[in-house]
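Structural overview for review
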Amino acid sequence: MLKFANRFSAEFLNKFPWAFQLDTYGFTTVADLSLSAAASASATTLSVASTSTFPTSGMIMIKGLPITYTGTTATTFTGCSGVDRALESGDAVCLGYSMPSNFGRPSTLFLGNVEYQFEHRTQNIDPAQYTYTMVTTYLFLPVASTASNLCVLHYYKKATDNAAVTDTAEIM
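Residues numbered from 1 in each chain as written. Predicted model: local features only at pLDDT ≥ 70, side-chain atom pairs only at ≥ 80, totals over all residues. Heavy atoms only, no water.

Moving on, we come to the overall build of the protein chain. The helix and strand inventory of the protein chain stands at one helix and 15 strands. Considering the protein chain as a whole, with its 172 residues, one finds that 37% of them fall into the buried category. Carbon and sulfur atoms form 53% of the exposed surface of the protein chain, whose accessible area is close to 9,500 Å². (Helix = DSSP H or I, 4+ residues; strand = E, 2+ residues; numbered from the N terminus. Buried < 20%, exposed > 50% of the residue type's maximum accessible area, 1.4 Å probe, protein only. Areas by Shrake-Rupley, 256 points an atom, 1.4 Å probe, with all protein chains shown as cover.)

Set out below in structure tokens:
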């Protein structure tokens, strides 16, 4: 008897989201902020009135530009990278919501009673009405955000290792 086994890498398996189980992630929105001072291209610090409702590190979006930050003070995002053009005082600052560790691929987002579909964009992101977008594992909402809106994201789980799926066949 011969036995054949195929092992598929997690990278390969994640290309087929329909093969995985859906999961749900719920979170509450925070209100968008506004820049309190202009910033030049390549700025590493961005000023706002208060960072108290945002995580201490993560990703934000300003004028369609995804910007990572590594820290906060009471009124600034610090360690910023990705600022490739000048930003103006008053520009909206939107939070990128970090996804769970088993996040593989997005499916559907519900914000209140409205359903939004995923749209893949990587640069100069400006989500169209009724779509949302992802940058790495950060979700950006399709509309300006106010505080305390309930969001529910349905997503496909990712495979976790090379032995995640094994297909064996025996030949007699």
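On to the packing of aromatic side chains, then. Within the structure shown, the criterion is met by five aromatic pairs. Between F103 and Y155, the aromatic rings sit 5.5 Å apart at their centres with planes inclined by 45°, giving tilted as the arrangement. Highlighted residues: F103 in strand β10 (residues 103-111) and Y155 in strand β14 (residues 150-157), separated in sequence by 52 residues. By relative accessible area, F103 is classed as buried at 8%. Taken together through their ring pairs, the aromatic side chains of Y25, F27 and Y97 make up a single cluster. (Phe/Tyr/Trp six-rings, centres within 6.5 Å; stacked < 30°, edge-to-face > 60°.)

Inspection of the entire model under this criterion finds two salt bridges. Here R85 and D84 are joined by a salt bridge, their closest N and O atoms 3.6 Å apart. With a relative accessible area of 28%, R85 lands in the partly exposed category. Owing to a relative accessible area of 52%, D84 belongs among the exposed residues under this scheme. (Salt bridge = Lys/Arg side-chain N within 4 Å of Asp/Glu carboxyl O.)

Two faces make up the sheet, and in a regular strand the side chains alternate between them. In terms of burial, β10 is largely enclosed, as seven of its nine residues are buried. Relative to β14, β10 runs antiparallel, the two being bridged by seven bridges. Within the sheet, the bridge partner assigned to T108 lies in β14 and is H154. Pairing analysis gives four bridges linking β10 to strand β11 (residues 114-118), with the strands arranged antiparallel. Across the sheet, L109 pairs through a bridge with Y116, a residue of β11. Counted between consecutive antiparallel strands, the loop separating β10 from β11 contains two residues, among which G112 sits at a positive phi close to 65°. (Pairing = 2+ DSSP bridges.)

Taken together, the seven bridges between strand β2 (residues 22-28) and β14 define a ladder with antiparallel strand orientation. Of the residues in β14, the one forming a bridge with T28 is L150.

What the three strands build is an open sheet, ordered β4-β8-β7; its pairing is antiparallel. Every other strand in the sheet has two partners, leaving β4 (46-47) and β7 (71-72) as the edge strands with one partner each. Both β4 and strand β8 (residues 76-78) contribute to a ladder of two bridges, which runs antiparallel. Opposite L46, over in β8, you have F77 as the bridge partner.

Let us look at the side chain of T51. By secondary structure assignment, the location of T51 is in the loop between β4 and β5 (58-62). At 2.5 Å, the side chain of T51 forms a polar contact with the backbone oxygen of T73. Residues in contact with T51, not counting those within four places in the same chain, are T72, T73, A74, T75, T76 and F77. (Polar contact = N/O pair within 3.5 Å; in protein donor to acceptor, adjacent residues only side chain to side chain. Contact = heavy atoms within 4.5 Å.)

Within the chain, S42 stands out as a residue other than glycine whose phi angle is a positive 75°. Inspection of the secondary structure assignment puts S42 in the loop between β3 (33-34) and β4. We classify S42 as exposed; its relative accessible area is 57%. Although it is not a glycine, S148 adopts a positive phi angle of roughly 70°.

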